[in-house]
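An overview of the molecular structure
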Amino acid sequence: MTLTVCMVSTSSPPPLAHAISGSLGSALALLLFYPLERVRTEIQASAMSSSSIPVEVASRKKEVIDRNGRIVLDEDKISQPEPQSPTSSNESWEPVNPLKEEQSEDAFSKATALSPQDGTESLIACLNRLQSKGELYRGVGPVVSTLAISNFVFFYSHQLIKAILDVDKQLQTKKQVSRSLLASSLAGVVNVFLTNPLWVANLRIAQGKSISTNKNKKTTLWGELQAIRRIEGISSLWKGTVTSLLLVSNPVIQFFFYGQVKQHLLQRKRISQLNKRNVSILPLEAFLVGAVAKALSTVCTYPLQLAQVLQRLESKNENIVHRPYRNTLDCLIRVLHEQGVSGLFKGMKAKLLQATLTAAFTFLSYEQILRIVHCAFLIISAEESTTP
């Protein structure tokens, strides 16, 4: 009875079924590929670290240069008197050692490095470093829960708006394609405004930049949200919102490409199976189409993704010499000026690998979970209708 209900039904799954499936599928995918997510954020964050120096080190550096005209690591050397002739004083003196000066400069450069990487660290080297420090899965809980909530909001909004706009999947007219694009865009906007605070908080936790005052307990997502609101103000929870709104184009490109290719495949299957309506794409097809869709959207929007990460990582409580980014354009221009064009694509290899694998597995599991959830909804509905 139950299997028959699922097999003969031609109704579309409700928005809630899509939301549950998208949320679970994305959470499973991120758990599977989380180490790549950590590497991606680590390399992207180095774009900010490379131009940030601790306040105390920067002030000491300026003081040493002002007095002696050279960099000296040891502060005691600042007040050291000029060398005197042995004939005019009984105090011993030693000439400046060039080798020692080079060592001091090297030591200073090491002391001022905020990150153990210089932006050229390979993906494998970064994985090994995070593994050796026990930080490979740092922040996995907050990130997975945030992604699950974010995708629940997006998938639910996407399907609900498509229903409101009367988007017909069977028709591929220009009007229907435009409505589909509009539905994806509006769903992305809703998702940004509702979940941006969660992304700001979990990104800081994952990068070890938490400002939560309770150091004796493990930092929670809710605790970090409260700390940011209390210390930096509620507006800090929406840092990078403008960039995120621009990045709505990322899932729009991804879902539009995926939806169009999926409908093309389904249409071909209907023709080959004499217009049979109850057809679906294969798991391998969902995996491959999802991977290509995410790769395309990532390459098109990567500089904006980098700016988003850098803006979200900015903290008013951070003791570094770093002029805050005024806006997205200012962030991109400064990265371009300080690190060149390659700086705008720092970490893209790791992002491409992580994003394509995660998205491919998300769509693969999403399609399979959606069948199960839709079947469960149909069974519940059938049982309720037969109950007197």
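Residues numbered from 1 in each chain as written. Predicted model: local features only at pLDDT ≥ 70, side-chain atom pairs only at ≥ 80, totals over all residues. Heavy atoms only, no water.

1. As for the nonpolar core
Inclusion rule: As used in this record, nonpolar core signifies buried Ala, Val, Leu, Ile, Met, Phe, Trp, Tyr and Cys residues forming a set joined through side-chain atoms within 4.5 Å. Three labels apply to residues, based on accessible area from a 1.4 Å probe with only protein chains included: buried if under 20% of the type maximum, exposed if over 50%, partly exposed otherwise in between. What counts as a helix is a DSSP run of H or I of at least four residues, what counts as a strand is a run of E of at least two, and both are numbered from the N terminus. Residues count as neighbours in contact if any of their non-hydrogen atoms are within 4.5 Å of one another.
Residues Phe154, Phe155, Phe255, Tyr258, Ile281, Phe363 and Tyr366 are the most contacted members of the largest nonpolar core, which totals 20 residues. Residue contributions to this core peak at five residues, all from helix 13 (residues 348–386). Those residues in contact with Phe363 that sit more than four places away from it in its chain are Gln254, Phe255, Tyr258, Ala286 and Gly290. Judged by nonpolar contacts, the second largest core, of eleven residues, contains Leu310, Tyr325, Cys331 and Val335.

2. A look at helix 11 (residues 283–313)
Operational definition: One less than the number of residues in a helix, times 1.5 Å, gives the span that helix is expected to have. Bend is the name given here to the angle between axes fitted to two runs of seven residues, the run ending at a residue and the run starting at it.
Helix length check: helix 11, at 31 residues, gives a terminal C-alpha distance of 37 Å against a target of 45 Å (1.5 Å per residue), a shortfall beyond 12%. Along helix 11, the largest kink reaches about 70° and is centred on Thr301; proline Pro303 follows within four residues of it.

3. Points about the pattern of salt bridges
Filter applied, for reference: We define a salt bridge as a contact between a side-chain nitrogen of Lys or Arg and a carboxyl oxygen of Asp or Glu at a distance within 4 Å.
All told, the structure shown has ten salt bridges when counted by the stated rule. Residues Arg138 and Glu135 are paired through a salt bridge, measuring 3.4 Å at the closest nitrogen-oxygen approach. A relative accessible area of 25% places Arg138 in the partly exposed class. Residue Glu135 is classed as buried on the basis of its relative accessible area, which comes to 16%. Ionic contacts of the salt-bridge type, sharing partners, join the residues Arg38, Glu42 and Arg129 into one network.

4. Topic: the packing of aromatic side chains
Threshold: In summary, the pairing rule links any two rings of Phe, Tyr or Trp, Trp by its six-membered ring, whose centres are within 6.5 Å, and it sorts them by plane angle into stacked for under 30 degrees, edge-to-face for over 60 and tilted for everything else.
This structure, assessed with the given rule, holds ten aromatic pairs. What links up through ring pairs into an aromatic cluster is the set Phe154, Phe155, Phe255, Tyr258, Phe363 and Tyr366.

5. Focus: a nonpolar patch on the surface
For clarity, the threshold we go by: Surface patches are defined over residues having more than 30% relative accessible area and no salt bridge, joining like charges when they lie within 9 Å and nonpolar side chains (Val, Leu, Ile, Met, Phe, Trp, Tyr) when within 5 Å. The method behind every accessible area is Shrake-Rupley, applied with a 1.4 Å probe, and residues are considered shielded solely by the protein chains displayed.
On the surface, a cluster of nonpolar side chains totalling about 430 Å² of accessible area is made up of Leu16, Phe152, Tyr156, Leu160 and Ile164. With four residues, helix 6 (residues 140–164) is the largest single contributor of residues to the nonpolar patch. Within the secondary structure, Leu16 sits in helix 2 (residues 15–49).

6. A look at the side chain of Ser297
Within the secondary structure layout, Ser297 lies in helix 11. For Ser297, a relative accessible area of 0% translates into the label buried. Once residues within four sequence positions are removed from consideration, Ser297 is found in contact with Asn250, Ile253, Gln254 and Gln305.

7. A short note on the confidence of the model for the protein
Atomic detail in the predicted coordinates should be set aside for any region of low pLDDT. Heads up, the rule is: You can read pLDDT as the predictor saying how much it trusts each residue, on a scale of 0 to 100.
A residue-level look at the protein finds 72% of positions with pLDDT of 70 or above and a mean pLDDT of 77. Per-element confidence in the protein is highest for helix 6, whose mean pLDDT is 92, and lowest for helix 4 (residues 98–111), whose mean pLDDT is 41. This stretch, residues 53–119, has a pLDDT under 50; its non-local contacts, to residues over four places away or in other chains, come to 63 contacts.

8. Notes on helix 8 (residues 221–231)
Stated precisely, the cut-off is as follows: To be clear, the arc concerns the directions from the helix axis to the C-beta atoms.
Within helix 8, the full set of buried residues consists of Leu221, Glu224, Leu225, Ala227 and Ile228. Seen end-on, helix 8 carries its buried residues on one side only, within an arc spanning 165°. Buried residues in helix 8 make contact with helix 6 and helix 7 (174–206). In the segment just after helix 8, Gly233 is the residue with positive phi, at about 100°.

9. Topic: the side chain of Asn202
Put simply, the rule is: What qualifies as a polar contact is a pair of N or O atoms within 3.5 Å, subject to a donor-acceptor requirement within protein and to the restriction that residues adjacent in sequence count only when both atoms come from side chains.
Positionally, Asn202 belongs in helix 7. The exposure class assigned to Asn202 is buried, which follows from its relative accessible area of 3%. Side-chain polar atoms of Asn202 contact the side chain of Thr146, separated by 3.1 Å. Apart from residues no more than four positions distant in its own chain, Asn202 is found in contact with Pro142, Val143, Thr146 and Leu221.

10. Some thoughts on the packing of helix 7 against helix 8
Which entries qualify depends on this criterion: The angle between two axes is taken between their N-to-C directions and runs from 0 to 180 degrees, where each axis is a line fitted to C-alpha atoms and a helix contributes only its stretch in contact. Orientation is classified from the angle alone, with under 35 degrees giving roughly parallel, over 145 giving roughly antiparallel, 65 to 115 giving roughly perpendicular, and any other angle giving oblique. Ten residue types, Ala, Val, Leu, Ile, Met, Phe, Trp, Tyr, Cys and Pro, are classed as nonpolar, four, Asp, Glu, Lys and Arg, as charged, and the remainder, Gly among them, as polar.
Closest axis-to-axis distance for the helix 7/helix 8 pair is 9 Å, and the angle between their directions is 105°. Relative to helix 8, helix 7 is oriented roughly perpendicular. Taking contact as the criterion, the partners of Pro197, Leu198, Val200, Ala201, Asn202, Arg204 and Ile205 in helix 7 are, on helix 8, Leu221, Glu224, Leu225 and Ile228. When the residues that make up the contact of helix 7 with helix 8 are grouped by side-chain class, the tally is eight nonpolar, one polar and two charged.

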